[in-house]
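Chain and residue survey
Given next are the chains, with one letter for each unit.
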Amino acid sequence: MTPPRSIVVAGESIAGITTVRELRELGHAGAITLIGAEDCGAYARPPLSKAVLKDDRADDTLGYRLDGLDIDLVRSPAVTADVDRRVVATANGREIGYDALVIATGARARRIAAPGQRGETVLRTLDDARLLRTRLDAARSALVVGAGFLGLEIVSACVARGIPVTVVDVDPPLRRILGPFVSEAITTRAEEHGVRVVTGGQATLTGDPVDGVRLADGTVLTADLVVTCCGEIPNTAWLAGTGLADLHGVGIDQACATAVPGIFAAGDITCLRTDSGRPGTRTPFWSTAVAQGKAAAASALTLDPAGPPLDDYFWTEILGLSIKVVGPLPLPGEPDLVEGSVPGGSALLTWIGQNGQRTVVSYGKRIPVPKLRALAG
Ligand SMILES: Cc1cc2nc3c(=O)[nH]c(=O)nc-3n(C[C@H](O)[C@H](O)[C@H](O)COP(=O)(O)OP(=O)(O)OC[C@H]3O[C@@H](n4cnc5c(N)ncnc54)[C@H](O)[C@@H]3O)c2cc1C
């Protein structure tokens, strides 16, 4: 196969930027067009729910640099893709042809407000984070809907500011991903910090603008600030009619190739297809976006990717604890305690999954990521 001359990368965030850097790293000297949708350019999202909520000086530390990459940067969202003509159209009227296309348009926050209901607060973008920080400055009480990583990071920001906070979810905190053991430890820690943890049934938002939630049993809880953290939805609207995307995102194989020749995808927009044809898995974490950006770049250049399209490392910061995880999820049952103490807030835990693969969690314990990876084997 002849390597492509012109490559279009849609999505100016970690997956797209990694793709562009890797294309140059691998020696691609031809044209690269990077299409972005945010005026402020590319920035890191993980700090948005951590440092950025604490301190506005963090805003200036988030940007990704594009120096020396020699790209044509188009800051206007892609609105359509014509996969037969190999052209992407942008909102500002440009039509950009490509030999290879890498789709990296990520995801947006899933919203749960009723149609027309105003004032739902979410956290996905830098603008969202700035707005949330301002609202935290003024809030005397807070309600967080969703006790996953993001929800619990926002709960942590409330606790750090002394704002009484309730977190509401169908399941106990983090249980769906990290299993019952870590969930119970985090719930206990949250309650020790004065957080009210409410589980059971689907919550709906009340008020217009939003001022609280109604729980499944009819109980209504209200607060100055209500934030919803109910997952994310892949940004696939611009791919309508291409057959590239479904509800789960853009399906990719182990080389980040889509079903259409010459088109690849990376990051939160992707869904790794299974061989059996069952819906694949989404892994909307930073390290996987990097791994897929690298793999998509290699594949776009008709090279074999150096690594798999999945990096099962991620981290979070909850109630003063740094939690790092390497290995397959979700986590079943009780772990082995390798070191330390969970109630003491510093422990190293391992699980062996059904397939014999090991998952390692550092729970508040300072440990370099390479060491954690080595322990996972
Ligand atoms: C608040 C927050 C905290 C997080 N914390 C962690 C963490 O602690 N650890 C961790 O592992 N992961 C974390 N994540 C997840 C991590 O940030 C994502 O996995 C990562 O950002 C995915 O990168 P991406 O490039 O695929 O997509 P995104 O970061 O979603 O970027 C996609 C880009 O494409 C743009 N775009 C959308 N539509 C179009 C279009 N039509 N045309 C052109 N551009 C378009 C978007 O504006 C956006 O800039 C966090 C995410 C958030 C939101």
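Computed from a prediction, not measured in an experiment: that's the story for all the values here.

Structural notes on the sheet that holds strand β12 (residues 204-206)
Strands sit in the order β12-β13-β14 across an open sheet of three strands; the sheet is antiparallel. Two strands lie at the open edges of the sheet, namely β12 and β14 (220-222), each paired on one side alone. Mean inter-strand twist for the sheet, computed between neighbouring axes without regard to direction, equals 30°. Sheet analysis places β12 next to strand β13 (residues 212-214), joined by three bridges and oriented antiparallel. Among the inter-strand pairings, T204 is bridged to a residue of β13, identified as R214.

Considerations on the sheet that holds strand β21 (residues 313-318)
As summarised here, the arrangement of the five strands in space is β21-β22-β25-β24-β23, forming an open sheet in which the pairing is antiparallel. Because the sheet does not close on itself, it has two edges, and the strands there are β21 and β23 (336-341). Within the sheet, the average angular offset between the axes of one strand and its neighbour, ignoring direction, is 10°. Pairing of β23 with strand β24 (residues 346-352) involves five bridges; the strand directions are antiparallel. Each bridged residue has a counterpart across the sheet, and for S341 the counterpart in β24 is S346. Across the face of the sheet, helix α5 (residues 175-192) comes into contact with β21, β22 (321-326), β24 and β25 (358-363) while running at roughly 175° to β22.

Examining the packing of helix α1 (residues 14-25) against helix α6 (residues 286-300)
Two elements in contact, α1 and α6, have axes whose closest approach is 8 Å; the angle formed by their N-to-C orientations is 35°. Judged by the sense of rotation from one axis to the other, the crossing of α1 with α6 is right-handed. From α1, I14, A15, T18, T19, E22 and L23 reach across to α6, where they touch W286, A289, V290, G293, K294 and A297. For the contact of α1 with α6, the class distribution of residues is seven nonpolar, three polar and two charged.

Quick look at the packing of aromatic side chains
Evaluation of the coordinates by the stated rule reveals five aromatic pairs. Summarising the aromatic geometry, the rings of Y313 and W315 are spaced 5.9 Å apart at their centres and angled 20° between planes, so their arrangement reads as stacked. Classification of W315 as partly exposed rests on a relative accessible area of 26%. Put simply, the rings of F149, F285 and F314 pair up and form one aromatic cluster.

What to know about the pattern of salt bridges
Under the counting rule described, the total for this entry stands at 19 salt bridges. The shortest N-O distance in the salt bridge between R85 and D82 comes to 3.6 Å. Among the residues examined, D82 registers a relative accessible area of 26% and is labelled partly exposed. R124 serves as the salt-bridge partner of D268, at 2.9 Å between the closest nitrogen and oxygen. Of the two residues, D268 sits in the loop between β19 (263-265) and β20 (270-272) while R124 sits in the loop between β8 (107-109) and α3 (126-138), which places them 144 residues apart along the sequence. One exposure class covers both D268 and R124, and it is buried. A cluster of three or more residues bridged by salt bridges with shared partners is formed by D59, R130 and R133.

A few points about empty space enclosed by the protein
Going through the model one piece at a time under the given rule, you end up with one cavity of 30 Å³ or more. Each pocket or cavity is described by its volume, and for the largest cavity that value is around 40 Å³. Lining the largest cavity are G267, T270, L272, T281, R282, T283, T288, Q292 and L310. Residue assignment for the lining of the largest cavity shows that the elements contributing at least two residues are β20 and α6. Classifying every residue of the lining of the largest cavity by side-chain character gives two nonpolar, six polar and one charged.

Focus: the domain arrangement of the chain
Here the chain is partitioned into domain 1 (7-108 + 232-300), domain 2 (126-228) and domain 3 (320-376). Across the contact, eleven residues belong to domain 1 and twelve residues belong to domain 2. Taking both partners together, domain 1 and domain 2 bury about 1000 Å²; carbon and sulfur atoms supply 63% of that area. Ranking the residues of domain 1 by area buried against domain 2 places S49, L53 and D59 at the top, with a combined share of 52%. Joining domain 1 to domain 2, the criterion identifies three salt bridges. We note a salt bridge from D59 to R130, for which the minimum N-O separation is 2.9 Å. Our count for the domain 1 to domain 2 interface comes out at seven residue pairs in polar contact (both at pLDDT 80 or more).

Criteria and cut-off values
- Residues numbered from 1 in each chain as written.
- Predicted model: local features only at pLDDT ≥ 70, side-chain atom pairs only at ≥ 80, totals over all residues.
- Heavy atoms only, no water.
- Pairing = 2+ DSSP bridges.
- Helix = DSSP H or I, 4+ residues; strand = E, 2+ residues; numbered from the N terminus.
- Axes fitted to C-alpha atoms, helices over the stretch in contact; angles between N-to-C directions.
- Contact = heavy atoms within 4.5 Å.
- Left-handed = near helix turned anticlockwise from the far one by under 90°.
- Nonpolar A, V, L, I, M, F, W, Y, C, P; charged D, E, K, R; others polar.
- Phe/Tyr/Trp six-rings, centres within 6.5 Å; stacked < 30°, edge-to-face > 60°.
- Buried < 20%, exposed > 50% of the residue type's maximum accessible area, 1.4 Å probe, protein only.
- Salt bridge = Lys/Arg side-chain N within 4 Å of Asp/Glu carboxyl O.
- 1 Å grid on protein atoms, 1.4 Å probe; cavity = no way out; pocket = protein on both sides within 12 Å on 5 of 7 lines; lining within 4 Å.
- Points joined across faces, edges and corners; volume = space filled by probe spheres on them.
- Domains from an automatic or database assignment.
- Buried area = accessible area lost by both parts, 1.4 Å probe.
- Polar contact = N/O pair within 3.5 Å; in protein donor to acceptor, adjacent residues only side chain to side chain.

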